[in-house]
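# Architecture and fold: a report
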Amino acid sequence: MSNKRKHKTLDLNNKMEILKKLDSGENMCKLAKEYGVGRATIHDLKKKRQKIVDHVKTMESGPGKRKTLKVGDCPKMENALYMWFLQRRSKHTPISGEILKTKAIEFYKKITHKDDFRASDGWLDKFKKRFGIRLLTVSGEKLSSDESAVQPFIQHFKNKVEELGLLPDQIYNADESGLFWRLLPNKTFVSSTEASAPGRKVSKDRITFMPCSNATGTHKLDLLVIGKAKNPRAFKNICLPVCYKNQSRSWVTREVFSEWFHKDFVPEVRKFMKRSNLPIKALLVLDNAPGHPNEQELKSSDGNIQTIFLPPNCTPLLQPMDQNVIQKIKSLYKNKLLIHIISQDGDITQSLKGMNLKDVVFSLAHAWKSVSSNLIQSSWKKLWPTMNDVSETEETDEWDPEDNMPIVDWLKNLSEKGLETSEENLNSWFEGIEETEQIMTDEEIISEAVQEESFVEILEPPTTTTAIRVKPDNALMCFNTCITWAEENGMSAKDIIILRNMREKVFKQGLQVAQKQTSIKDYFKTT
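Residues numbered from 1 in each chain as written. Predicted model: local features only at pLDDT ≥ 70, side-chain atom pairs only at ≥ 80, totals over all residues. Heavy atoms only, no water.

### Here we look at the overall build of the chain
- Looking only at helices and strands, one finds 20 helices and 10 strands in the chain.
- Counting over 527 residues, the chain shows a buried share of 47%.
- Partitioning the contacts of the chain with sequence separation of at least 6, the portion at a separation of at least 24 is 72%.
- Approximately 28,600 Å² of the chain is accessible, and the part contributed by carbon and sulfur atoms is 50%. (Helix = DSSP H or I, 4+ residues; strand = E, 2+ residues; numbered from the N terminus. Buried < 20%, exposed > 50% of the residue type's maximum accessible area, 1.4 Å probe, protein only. Contact = heavy atoms within 4.5 Å. Areas by Shrake-Rupley, 256 points an atom, 1.4 Å probe, with all protein chains shown as cover.)

Laid out in C-alpha coordinates, this is it:
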(Lines give C-alpha, C1' and ligand atoms only; values in the text may rest on other atoms or scores of the structure.)
Protein backbone atom coordinates (compact mmCIF):
# COMPACT_ATOMS: atom_id res chain seq x y z
CA MET A 1 0.00 0.00 0.00
CA SER A 2 1.45 3.37 -1.05
CA ASN A 3 2.17 5.96 1.65
CA LYS A 4 2.38 8.73 -0.91
CA ARG A 5 0.89 11.97 0.40
CA LYS A 6 -2.15 13.26 -1.46
CA HIS A 7 -1.78 16.59 -3.19
CA LYS A 8 -3.23 19.43 -1.14
CA THR A 9 -3.76 23.05 -2.17
CA LEU A 10 -3.75 25.52 0.69
CA ASP A 11 -6.17 28.43 0.63
CA LEU A 12 -4.95 31.98 1.31
CA ASN A 13 -6.19 31.87 4.89
CA ASN A 14 -3.95 28.86 5.57
CA LYS A 15 -1.04 30.54 3.79
CA MET A 16 -1.39 33.68 5.93
CA GLU A 17 -1.55 31.52 9.08
CA ILE A 18 1.64 29.71 8.07
CA LEU A 19 3.46 32.99 7.36
CA LYS A 20 2.47 34.34 10.79
CA LYS A 21 3.68 31.15 12.46
CA LEU A 22 6.97 31.34 10.55
CA ASP A 23 7.36 34.91 11.81
CA SER A 24 6.90 33.69 15.37
CA GLY A 25 9.73 31.18 14.86
CA GLU A 26 7.89 27.89 14.28
CA ASN A 27 9.74 25.08 12.53
CA MET A 28 9.13 24.44 8.80
CA CYS A 29 8.95 20.66 9.19
CA LYS A 30 6.44 20.97 12.01
CA LEU A 31 4.26 23.32 9.93
CA ALA A 32 4.46 21.01 6.90
CA LYS A 33 3.20 18.11 9.02
CA GLU A 34 0.47 20.23 10.65
CA TYR A 35 -0.96 21.40 7.30
CA GLY A 36 -0.38 18.15 5.41
CA VAL A 37 2.01 19.53 2.79
CA GLY A 38 5.66 19.08 1.88
CA ARG A 39 8.47 21.13 3.40
CA ALA A 40 9.15 22.55 -0.07
CA THR A 41 5.63 24.05 -0.08
CA ILE A 42 6.35 25.90 3.18
CA HIS A 43 9.67 27.08 1.75
CA ASP A 44 7.92 28.40 -1.40
CA LEU A 45 5.39 30.26 0.74
CA LYS A 46 8.24 31.92 2.61
CA LYS A 47 9.81 33.01 -0.70
CA LYS A 48 6.48 34.39 -1.99
CA ARG A 49 5.61 36.03 1.33
CA GLN A 50 5.55 39.64 0.13
CA LYS A 51 3.43 38.82 -2.91
CA ILE A 52 0.84 36.97 -0.81
CA VAL A 53 0.68 39.63 1.93
CA ASP A 54 0.39 42.51 -0.57
CA HIS A 55 -2.43 40.75 -2.41
CA VAL A 56 -4.42 39.94 0.74
CA LYS A 57 -4.10 43.58 1.86
CA THR A 58 -5.99 44.69 -1.25
CA MET A 59 -8.95 42.38 -0.58
CA GLU A 60 -11.98 44.05 0.92
CA SER A 61 -12.97 41.21 3.27
CA GLY A 62 -9.84 39.10 3.45
CA PRO A 63 -8.84 36.01 1.48
CA GLY A 64 -11.84 33.81 2.36
CA LYS A 65 -11.47 30.35 0.78
CA ARG A 66 -9.48 31.52 -2.22
CA LYS A 67 -6.43 29.38 -2.97
CA THR A 68 -4.44 31.08 -5.73
CA LEU A 69 -3.36 34.55 -6.85
CA LYS A 70 -4.48 34.06 -10.46
CA VAL A 71 -5.92 37.08 -12.25
CA GLY A 72 -8.90 37.16 -14.60
CA ASP A 73 -8.85 37.34 -18.38
CA CYS A 74 -9.04 41.15 -18.26
CA PRO A 75 -7.17 42.27 -15.12
CA LYS A 76 -7.27 45.97 -16.08
CA MET A 77 -11.06 45.93 -16.24
CA GLU A 78 -11.33 44.00 -12.96
CA ASN A 79 -8.93 46.37 -11.18
CA ALA A 80 -11.01 49.34 -12.36
CA LEU A 81 -14.24 47.62 -11.31
CA TYR A 82 -12.86 46.82 -7.86
CA MET A 83 -11.72 50.43 -7.33
CA TRP A 84 -15.18 51.64 -8.38
CA PHE A 85 -16.81 49.10 -6.04
CA LEU A 86 -14.71 50.19 -3.03
CA GLN A 87 -15.55 53.85 -3.65
CA ARG A 88 -19.27 53.12 -3.74
CA ARG A 89 -19.11 50.89 -0.67
CA SER A 90 -17.24 53.60 1.27
CA LYS A 91 -20.27 55.83 0.59
CA HIS A 92 -22.59 53.00 1.74
CA THR A 93 -24.13 52.80 -1.74
CA PRO A 94 -26.04 49.52 -2.25
CA ILE A 95 -24.41 47.36 -4.94
CA SER A 96 -26.13 44.32 -6.44
CA GLY A 97 -24.67 41.63 -8.68
CA GLU A 98 -26.50 43.05 -11.69
CA ILE A 99 -25.07 46.52 -11.08
CA LEU A 100 -21.54 45.05 -10.91
CA LYS A 101 -22.02 43.10 -14.15
CA THR A 102 -23.34 46.17 -15.98
CA LYS A 103 -20.40 48.28 -14.77
CA ALA A 104 -17.94 45.53 -15.75
CA ILE A 105 -19.22 45.56 -19.35
CA GLU A 106 -18.99 49.37 -19.40
CA PHE A 107 -15.37 49.36 -18.15
CA TYR A 108 -14.41 46.55 -20.55
CA LYS A 109 -15.68 48.51 -23.57
CA LYS A 110 -13.85 51.68 -22.47
CA ILE A 111 -10.55 49.89 -21.81
CA THR A 112 -10.39 47.38 -24.70
CA HIS A 113 -12.68 49.13 -27.25
CA LYS A 114 -14.26 45.71 -27.82
CA ASP A 115 -17.76 44.34 -27.33
CA ASP A 116 -17.06 40.63 -26.78
CA PHE A 117 -17.22 40.38 -22.96
CA ARG A 118 -20.18 38.64 -21.35
CA ALA A 119 -20.48 39.31 -17.62
CA SER A 120 -21.93 35.94 -16.68
CA ASP A 121 -22.91 34.72 -13.21
CA GLY A 122 -19.86 32.45 -13.30
CA TRP A 123 -17.53 35.38 -14.00
CA LEU A 124 -19.16 37.40 -11.19
CA ASP A 125 -18.66 34.55 -8.72
CA LYS A 126 -14.97 34.25 -9.66
CA PHE A 127 -14.50 38.04 -9.50
CA LYS A 128 -15.93 38.12 -5.97
CA LYS A 129 -13.60 35.31 -4.91
CA ARG A 130 -10.56 36.95 -6.56
CA PHE A 131 -11.10 40.19 -4.66
CA GLY A 132 -12.46 38.75 -1.41
CA ILE A 133 -15.88 40.41 -1.66
CA ARG A 134 -18.10 38.90 1.02
CA LEU A 135 -21.53 39.88 -0.22
CA LEU A 136 -23.46 42.33 -2.32
CA THR A 137 -26.42 44.23 -0.97
CA VAL A 138 -29.84 43.92 -2.52
CA SER A 139 -30.35 46.75 -4.92
CA GLY A 140 -33.40 48.09 -3.05
CA GLU A 141 -31.74 48.06 0.40
CA LYS A 142 -32.73 50.97 2.61
CA LEU A 143 -29.82 53.35 3.01
CA SER A 144 -31.30 55.98 5.27
CA SER A 145 -30.57 55.80 8.99
CA ASP A 146 -32.55 52.98 10.60
CA GLU A 147 -34.00 54.64 13.70
CA SER A 148 -36.01 51.53 14.62
CA ALA A 149 -32.79 49.65 15.41
CA VAL A 150 -31.38 52.35 17.71
CA GLN A 151 -33.22 51.73 20.98
CA PRO A 152 -32.84 47.91 20.89
CA PHE A 153 -29.10 48.27 20.33
CA ILE A 154 -28.70 50.86 23.11
CA GLN A 155 -30.30 48.34 25.49
CA HIS A 156 -28.14 45.51 24.09
CA PHE A 157 -25.01 47.64 24.56
CA LYS A 158 -26.01 48.51 28.14
CA ASN A 159 -26.56 44.82 28.93
CA LYS A 160 -23.20 43.90 27.42
CA VAL A 161 -21.37 46.52 29.51
CA GLU A 162 -23.10 45.30 32.70
CA GLU A 163 -22.45 41.65 31.83
CA LEU A 164 -18.71 42.32 31.40
CA GLY A 165 -18.60 44.69 34.38
CA LEU A 166 -16.89 47.49 32.46
CA LEU A 167 -16.30 51.13 33.35
CA PRO A 168 -16.29 54.04 30.83
CA ASP A 169 -12.45 53.89 30.87
CA GLN A 170 -12.71 50.37 29.40
CA ILE A 171 -15.13 51.10 26.54
CA TYR A 172 -13.53 52.21 23.23
CA ASN A 173 -14.68 53.40 19.84
CA ALA A 174 -12.76 53.69 16.54
CA ASP A 175 -13.92 54.96 13.18
CA GLU A 176 -12.03 55.70 9.97
CA SER A 177 -12.42 58.60 7.56
CA GLY A 178 -10.82 59.63 4.28
CA LEU A 179 -8.87 62.86 3.95
CA PHE A 180 -7.80 64.62 0.74
CA TRP A 181 -4.89 66.32 2.41
CA ARG A 182 -4.17 68.89 -0.30
CA LEU A 183 -7.79 69.71 -1.06
CA LEU A 184 -8.73 73.39 -0.88
CA PRO A 185 -12.26 74.81 -1.24
CA ASN A 186 -13.27 73.92 -4.77
CA LYS A 187 -14.25 76.79 -7.11
CA THR A 188 -14.22 79.28 -4.27
CA PHE A 189 -10.85 81.03 -4.32
CA VAL A 190 -10.59 83.88 -6.80
CA SER A 191 -7.48 85.99 -7.08
CA SER A 192 -8.15 89.73 -6.85
CA THR A 193 -6.59 90.06 -10.30
CA GLU A 194 -8.91 87.47 -11.87
CA ALA A 195 -12.41 87.98 -13.18
CA SER A 196 -13.61 84.49 -12.26
CA ALA A 197 -12.51 81.41 -10.35
CA PRO A 198 -9.82 79.45 -12.19
CA GLY A 199 -10.47 75.79 -12.95
CA ARG A 200 -8.00 74.61 -10.34
CA LYS A 201 -7.37 70.88 -10.56
CA VAL A 202 -8.73 69.06 -7.53
CA SER A 203 -6.00 67.20 -5.66
CA LYS A 204 -6.46 63.45 -5.34
CA ASP A 205 -3.84 62.94 -2.62
CA ARG A 206 -5.80 60.80 -0.22
CA ILE A 207 -5.12 59.02 3.05
CA THR A 208 -7.35 57.30 5.59
CA PHE A 209 -7.06 58.12 9.28
CA MET A 210 -8.75 56.48 12.26
CA PRO A 211 -9.05 57.95 15.76
CA CYS A 212 -9.61 55.55 18.66
CA SER A 213 -10.31 56.48 22.28
CA ASN A 214 -12.04 55.25 25.38
CA ALA A 215 -15.34 56.85 26.45
CA THR A 216 -13.74 59.16 29.01
CA GLY A 217 -11.09 60.48 26.61
CA THR A 218 -8.37 59.51 29.10
CA HIS A 219 -6.78 57.04 26.66
CA LYS A 220 -6.43 58.30 23.10
CA LEU A 221 -4.42 55.86 21.02
CA ASP A 222 -2.09 57.20 18.32
CA LEU A 223 -4.03 57.91 15.15
CA LEU A 224 -3.98 55.08 12.62
CA VAL A 225 -2.98 56.59 9.25
CA ILE A 226 -3.11 54.54 6.03
CA GLY A 227 -1.22 55.74 2.98
CA LYS A 228 -0.21 54.17 -0.32
CA ALA A 229 3.58 54.10 0.07
CA LYS A 230 5.15 51.47 2.30
CA ASN A 231 8.19 53.57 3.20
CA PRO A 232 7.57 57.22 2.23
CA ARG A 233 10.81 59.16 1.76
CA ALA A 234 9.44 61.94 3.94
CA PHE A 235 9.43 59.53 6.92
CA LYS A 236 13.14 58.83 6.75
CA ASN A 237 14.95 59.18 10.11
CA ILE A 238 11.94 60.56 12.00
CA CYS A 239 9.84 59.20 14.87
CA LEU A 240 6.22 59.24 13.72
CA PRO A 241 3.50 60.56 16.06
CA VAL A 242 0.97 58.19 14.43
CA CYS A 243 0.58 54.48 13.70
CA TYR A 244 1.28 54.33 9.94
CA LYS A 245 0.32 51.43 7.68
CA ASN A 246 0.20 51.11 3.91
CA GLN A 247 -2.34 49.79 1.45
CA SER A 248 -2.20 50.16 -2.32
CA ARG A 249 -5.23 52.48 -2.42
CA SER A 250 -5.13 53.82 1.16
CA TRP A 251 -8.19 51.76 2.09
CA VAL A 252 -8.93 50.00 5.38
CA THR A 253 -9.07 46.29 4.57
CA ARG A 254 -9.69 43.32 6.86
CA GLU A 255 -5.99 42.47 6.86
CA VAL A 256 -4.90 46.03 7.76
CA PHE A 257 -7.54 46.38 10.48
CA SER A 258 -6.82 42.96 11.98
CA GLU A 259 -3.11 43.78 12.14
CA TRP A 260 -3.86 47.09 13.90
CA PHE A 261 -6.23 45.43 16.38
CA HIS A 262 -3.89 42.63 17.46
CA LYS A 263 -0.52 44.41 17.22
CA ASP A 264 -1.45 47.94 18.28
CA PHE A 265 -4.84 48.21 19.96
CA VAL A 266 -4.69 45.16 22.26
CA PRO A 267 -1.12 45.83 23.59
CA GLU A 268 -1.86 49.55 24.17
CA VAL A 269 -5.12 48.80 26.00
CA ARG A 270 -3.35 46.30 28.25
CA LYS A 271 -0.67 48.87 29.12
CA PHE A 272 -3.31 51.51 29.92
CA MET A 273 -5.30 49.14 32.16
CA LYS A 274 -2.15 48.23 34.11
CA ARG A 275 -1.22 51.91 34.55
CA SER A 276 -4.75 52.72 35.71
CA ASN A 277 -4.99 49.70 38.08
CA LEU A 278 -8.03 48.43 36.18
CA PRO A 279 -8.91 44.84 35.23
CA ILE A 280 -7.36 44.01 31.85
CA LYS A 281 -10.56 43.81 29.85
CA ALA A 282 -12.19 46.14 27.31
CA LEU A 283 -14.88 46.46 24.65
CA LEU A 284 -14.33 48.13 21.26
CA VAL A 285 -17.42 49.52 19.50
CA LEU A 286 -17.26 49.42 15.68
CA ASP A 287 -19.55 49.95 12.70
CA ASN A 288 -20.20 47.39 9.97
CA ALA A 289 -17.70 48.78 7.45
CA PRO A 290 -16.60 46.28 4.76
CA GLY A 291 -12.98 46.39 5.95
CA HIS A 292 -13.76 45.24 9.50
CA PRO A 293 -13.35 41.52 10.35
CA ASN A 294 -16.07 39.81 12.41
CA GLU A 295 -16.30 39.69 16.21
CA GLN A 296 -14.65 36.27 16.42
CA GLU A 297 -11.53 37.52 14.61
CA LEU A 298 -11.38 40.73 16.64
CA LYS A 299 -10.81 39.27 20.07
CA SER A 300 -7.67 39.08 22.22
CA SER A 301 -6.10 35.66 22.77
CA ASP A 302 -7.52 35.48 26.32
CA GLY A 303 -10.94 36.77 25.23
CA ASN A 304 -10.87 39.72 27.65
CA ILE A 305 -10.69 42.38 24.93
CA GLN A 306 -13.73 42.08 22.67
CA THR A 307 -15.64 43.96 19.98
CA ILE A 308 -19.29 44.79 19.43
CA PHE A 309 -20.78 45.98 16.12
CA LEU A 310 -23.34 48.71 15.63
CA PRO A 311 -26.42 47.67 13.60
CA PRO A 312 -26.39 48.51 9.86
CA ASN A 313 -27.36 52.07 8.88
CA CYS A 314 -27.04 53.38 12.45
CA THR A 315 -23.55 54.86 12.25
CA PRO A 316 -24.67 58.53 11.88
CA LEU A 317 -27.03 58.12 14.84
CA LEU A 318 -24.87 56.23 17.34
CA GLN A 319 -21.18 56.07 16.38
CA PRO A 320 -19.36 58.26 18.96
CA MET A 321 -16.51 59.29 16.65
CA ASP A 322 -19.14 60.48 14.14
CA GLN A 323 -20.61 62.89 16.71
CA ASN A 324 -18.25 65.81 15.85
CA VAL A 325 -14.96 64.11 16.84
CA ILE A 326 -13.77 63.28 13.30
CA GLN A 327 -15.19 66.58 12.07
CA LYS A 328 -13.17 68.43 14.73
CA ILE A 329 -9.96 66.64 13.71
CA LYS A 330 -10.50 67.60 10.07
CA SER A 331 -11.38 71.17 10.97
CA LEU A 332 -8.21 71.59 13.03
CA TYR A 333 -6.13 70.00 10.26
CA LYS A 334 -7.61 72.39 7.71
CA ASN A 335 -6.76 75.31 9.97
CA LYS A 336 -3.13 74.20 9.80
CA LEU A 337 -3.39 73.80 6.03
CA LEU A 338 -4.64 77.35 5.56
CA ILE A 339 -1.98 78.70 7.95
CA HIS A 340 0.64 76.97 5.80
CA ILE A 341 -0.86 78.48 2.62
CA ILE A 342 -1.05 82.09 3.83
CA SER A 343 2.38 82.00 5.50
CA GLN A 344 4.22 80.91 2.35
CA ASP A 345 5.59 83.12 -0.39
CA GLY A 346 4.53 82.32 -3.91
CA ASP A 347 1.28 80.95 -5.31
CA ILE A 348 -1.03 78.32 -3.83
CA THR A 349 0.10 75.53 -6.17
CA GLN A 350 3.74 75.86 -5.12
CA SER A 351 2.76 76.01 -1.43
CA LEU A 352 0.76 72.81 -1.76
CA LYS A 353 3.51 71.04 -3.69
CA GLY A 354 5.88 71.88 -0.85
CA MET A 355 3.79 69.78 1.54
CA ASN A 356 4.51 66.09 2.09
CA LEU A 357 3.13 63.18 4.08
CA LYS A 358 5.30 64.01 7.09
CA ASP A 359 3.66 67.45 7.37
CA VAL A 360 0.24 65.80 7.14
CA VAL A 361 0.72 63.17 9.87
CA PHE A 362 2.24 65.70 12.27
CA SER A 363 -0.65 68.12 11.67
CA LEU A 364 -3.19 65.32 12.14
CA ALA A 365 -1.47 64.15 15.33
CA HIS A 366 -1.59 67.73 16.67
CA ALA A 367 -5.28 67.99 15.77
CA TRP A 368 -6.08 64.67 17.53
CA LYS A 369 -4.14 65.75 20.62
CA SER A 370 -6.14 69.00 20.68
CA VAL A 371 -9.50 67.19 20.77
CA SER A 372 -10.65 67.57 24.37
CA SER A 373 -11.76 64.74 26.64
CA ASN A 374 -15.01 66.68 27.20
CA LEU A 375 -15.85 66.50 23.48
CA ILE A 376 -15.11 62.76 23.43
CA GLN A 377 -17.27 62.16 26.52
CA SER A 378 -20.19 64.14 25.08
CA SER A 379 -19.93 62.16 21.81
CA TRP A 380 -21.04 59.01 23.70
CA LYS A 381 -24.34 60.48 24.94
CA LYS A 382 -26.47 59.08 22.11
CA LEU A 383 -25.14 55.54 22.50
CA TRP A 384 -24.72 55.64 26.28
CA PRO A 385 -27.23 58.12 27.77
CA THR A 386 -26.65 56.82 31.33
CA MET A 387 -22.94 57.57 31.26
CA ASN A 388 -21.90 60.23 33.78
CA ASP A 389 -22.96 63.69 32.59
CA VAL A 390 -20.06 65.89 31.46
CA SER A 391 -19.72 69.47 30.38
CA GLU A 392 -19.78 70.02 26.62
CA THR A 393 -17.44 72.98 26.97
CA GLU A 394 -14.25 72.07 25.17
CA GLU A 395 -10.79 72.53 26.62
CA THR A 396 -8.74 75.09 24.74
CA ASP A 397 -5.55 75.32 26.78
CA GLU A 398 -3.65 73.02 24.40
CA TRP A 399 -4.76 74.77 21.21
CA ASP A 400 -2.92 77.34 19.19
CA PRO A 401 -4.70 80.71 18.82
CA GLU A 402 -5.07 80.06 15.07
CA ASP A 403 -7.08 76.87 15.79
CA ASN A 404 -9.95 79.00 17.11
CA MET A 405 -9.76 81.77 14.51
CA PRO A 406 -13.25 82.97 13.51
CA ILE A 407 -14.31 82.62 9.89
CA VAL A 408 -14.35 86.41 9.42
CA ASP A 409 -10.66 86.57 10.40
CA TRP A 410 -9.84 83.81 7.94
CA LEU A 411 -11.65 85.69 5.20
CA LYS A 412 -9.64 88.82 6.02
CA ASN A 413 -6.27 86.96 6.03
CA LEU A 414 -7.07 85.19 2.77
CA SER A 415 -8.19 88.44 1.18
CA GLU A 416 -4.87 90.04 2.11
CA LYS A 417 -3.19 87.12 0.35
CA GLY A 418 -5.17 88.03 -2.76
CA LEU A 419 -7.67 85.23 -2.38
CA GLU A 420 -11.40 85.85 -2.09
CA THR A 421 -14.09 83.39 -0.99
CA SER A 422 -17.46 83.53 0.72
CA GLU A 423 -18.23 82.70 4.35
CA GLU A 424 -20.67 79.99 3.18
CA ASN A 425 -18.08 78.29 0.97
CA LEU A 426 -15.38 78.38 3.64
CA ASN A 427 -17.77 76.98 6.26
CA SER A 428 -18.79 74.09 3.98
CA TRP A 429 -15.11 73.33 3.35
CA PHE A 430 -14.31 73.20 7.09
CA GLU A 431 -17.33 70.93 7.61
CA GLY A 432 -16.06 68.54 4.91
CA ILE A 433 -19.07 68.90 2.61
CA GLU A 434 -16.96 69.32 -0.53
CA GLU A 435 -14.55 66.61 0.52
CA THR A 436 -17.26 63.94 0.69
CA GLU A 437 -18.05 64.65 -2.95
CA GLN A 438 -14.47 64.10 -4.12
CA ILE A 439 -14.59 60.62 -5.59
CA MET A 440 -12.76 59.50 -8.69
CA THR A 441 -14.55 59.61 -12.03
CA ASP A 442 -14.75 56.50 -14.22
CA GLU A 443 -12.06 57.95 -16.49
CA GLU A 444 -9.71 58.53 -13.55
CA ILE A 445 -10.35 55.01 -12.25
CA ILE A 446 -9.56 53.51 -15.67
CA SER A 447 -6.41 55.60 -15.98
CA GLU A 448 -5.12 54.44 -12.58
CA ALA A 449 -6.06 50.79 -13.18
CA VAL A 450 -4.32 50.74 -16.59
CA GLN A 451 -1.25 52.51 -15.13
CA GLU A 452 -0.93 49.92 -12.34
CA GLU A 453 -1.15 47.03 -14.80
CA SER A 454 1.24 48.64 -17.29
CA PHE A 455 3.83 49.30 -14.58
CA VAL A 456 4.29 45.57 -14.03
CA GLU A 457 4.34 44.89 -17.77
CA ILE A 458 7.12 47.37 -18.53
CA LEU A 459 9.41 45.60 -16.08
CA GLU A 460 9.55 42.63 -18.49
CA PRO A 461 12.25 43.03 -21.18
CA PRO A 462 10.96 43.27 -24.77
CA THR A 463 11.45 40.25 -27.02
CA THR A 464 13.59 42.20 -29.48
CA THR A 465 15.94 44.96 -28.42
CA THR A 466 18.46 47.19 -30.09
CA ALA A 467 21.85 46.84 -28.39
CA ILE A 468 22.77 50.14 -26.73
CA ARG A 469 25.82 50.38 -24.47
CA VAL A 470 24.89 51.97 -21.18
CA LYS A 471 27.48 52.44 -18.44
CA PRO A 472 26.64 50.76 -15.06
CA ASP A 473 26.76 54.15 -13.31
CA ASN A 474 24.11 55.57 -15.64
CA ALA A 475 21.96 52.45 -15.23
CA LEU A 476 22.15 52.76 -11.44
CA MET A 477 21.04 56.40 -11.61
CA CYS A 478 18.04 55.39 -13.73
CA PHE A 479 17.02 52.64 -11.31
CA ASN A 480 17.36 54.99 -8.32
CA THR A 481 15.05 57.47 -10.08
CA CYS A 482 12.52 54.69 -10.87
CA ILE A 483 12.52 53.42 -7.27
CA THR A 484 12.02 56.93 -5.86
CA TRP A 485 9.13 57.53 -8.27
CA ALA A 486 7.55 54.17 -7.41
CA GLU A 487 7.72 54.86 -3.64
CA GLU A 488 6.31 58.35 -3.93
CA ASN A 489 3.43 57.25 -6.19
CA GLY A 490 2.28 54.33 -4.06
CA MET A 491 3.39 51.47 -6.29
CA SER A 492 3.02 48.01 -4.75
CA ALA A 493 5.81 46.55 -2.63
CA LYS A 494 6.15 43.71 -5.15
CA ASP A 495 7.00 46.10 -8.00
CA ILE A 496 9.44 48.07 -5.83
CA ILE A 497 11.21 44.86 -4.79
CA ILE A 498 11.56 43.88 -8.47
CA LEU A 499 13.20 47.23 -9.20
CA ARG A 500 15.55 46.94 -6.22
CA ASN A 501 16.59 43.41 -7.23
CA MET A 502 17.36 44.60 -10.75
CA ARG A 503 19.34 47.53 -9.34
CA GLU A 504 21.34 45.08 -7.20
CA LYS A 505 22.21 43.01 -10.29
CA VAL A 506 23.35 46.13 -12.15
CA PHE A 507 25.48 47.14 -9.17
CA LYS A 508 27.17 43.72 -9.00
CA GLN A 509 27.79 43.70 -12.75
CA GLY A 510 29.30 47.19 -12.49
CA LEU A 511 31.68 45.95 -9.79
CA GLN A 512 32.78 43.03 -11.98
CA VAL A 513 33.46 45.37 -14.92
CA ALA A 514 35.43 47.74 -12.69
CA GLN A 515 37.50 44.86 -11.26
CA LYS A 516 38.31 43.57 -14.77
CA GLN A 517 39.39 47.01 -15.93
CA THR A 518 41.59 47.42 -12.84
CA SER A 519 43.21 44.01 -13.46
CA ILE A 520 44.01 44.92 -17.09
CA LYS A 521 45.54 48.26 -16.03
CA ASP A 522 47.64 46.55 -13.36
CA TYR A 523 48.84 43.98 -15.93
CA PHE A 524 50.05 46.68 -18.37
CA LYS A 525 51.75 48.56 -15.52
CA THR A 526 53.79 45.50 -14.54
CA THR A 527 54.76 44.75 -18.14
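### A closer look at helix H6 (residues 97-112)
- For H6, spanning 16 residues, the distance from its first C-alpha to its last is 22 Å, which sits close to the expected 22 Å at 1.5 Å a residue.
- Within two residues after H6, His-113 carries a phi angle of roughly 60 degrees, on the positive side. (Expected span 1.5 Å × (residues − 1).)

### Examining the packing of H6 against helix H7 (residues 121-130)
- The interhelical angle for the contact between H6 and H7, taken along N-to-C directions, is 95 degrees, at an axis separation of 11 Å. As far as their axial angle goes, H7 and H6 are roughly perpendicular. Touching Gly-97, Leu-100, Lys-101 and Ala-104 of H6 are Asp-121, Trp-123, Leu-124 and Phe-127, all from H7. (Axes fitted to C-alpha atoms, helices over the stretch in contact; angles between N-to-C directions. Parallel < 35°, antiparallel > 145°, perpendicular 65-115°, else oblique.)

### So, the UniProt feature "DNA-binding region" (unreviewed entry) in the chain
- The UniProt record annotates "DNA-binding region" (unreviewed entry) at residues 28-48.
- The span residues 28-48 is 81% helical and 0% strand by assignment, and the distance between its end C-alpha atoms comes to 15 Å. (UniProt positions renumbered as here; feature names shortened; annotations may be inferred.)

### Observations concerning unusual backbone geometry
- Backbone geometry places His-113, a non-glycine residue, at a positive phi of 60 degrees.
- Summarising the element assignment, His-113 is placed in the loop between H6 and H7.

### Regarding the sheet that holds strand E7 (residues 243-246)
- Pairing is mixed across the open sheet formed by four strands, whose spatial order is E2-E4-E6-E7. One side of each edge strand has no neighbouring strand; the edge strands of this open sheet are strand E2 (177-180) and E7. Between one strand axis and the next, the sheet turns by 30 degrees as a mean value, whatever way the strands run.
- Pairing of strand E4 (residues 206-210) with strand E6 (residues 224-227), which is carried by three bridges, proceeds in the antiparallel orientation. In the sheet register, Thr-208 faces E6, and the bridge partner there is Ile-226. (Pairing = 2+ DSSP bridges.)

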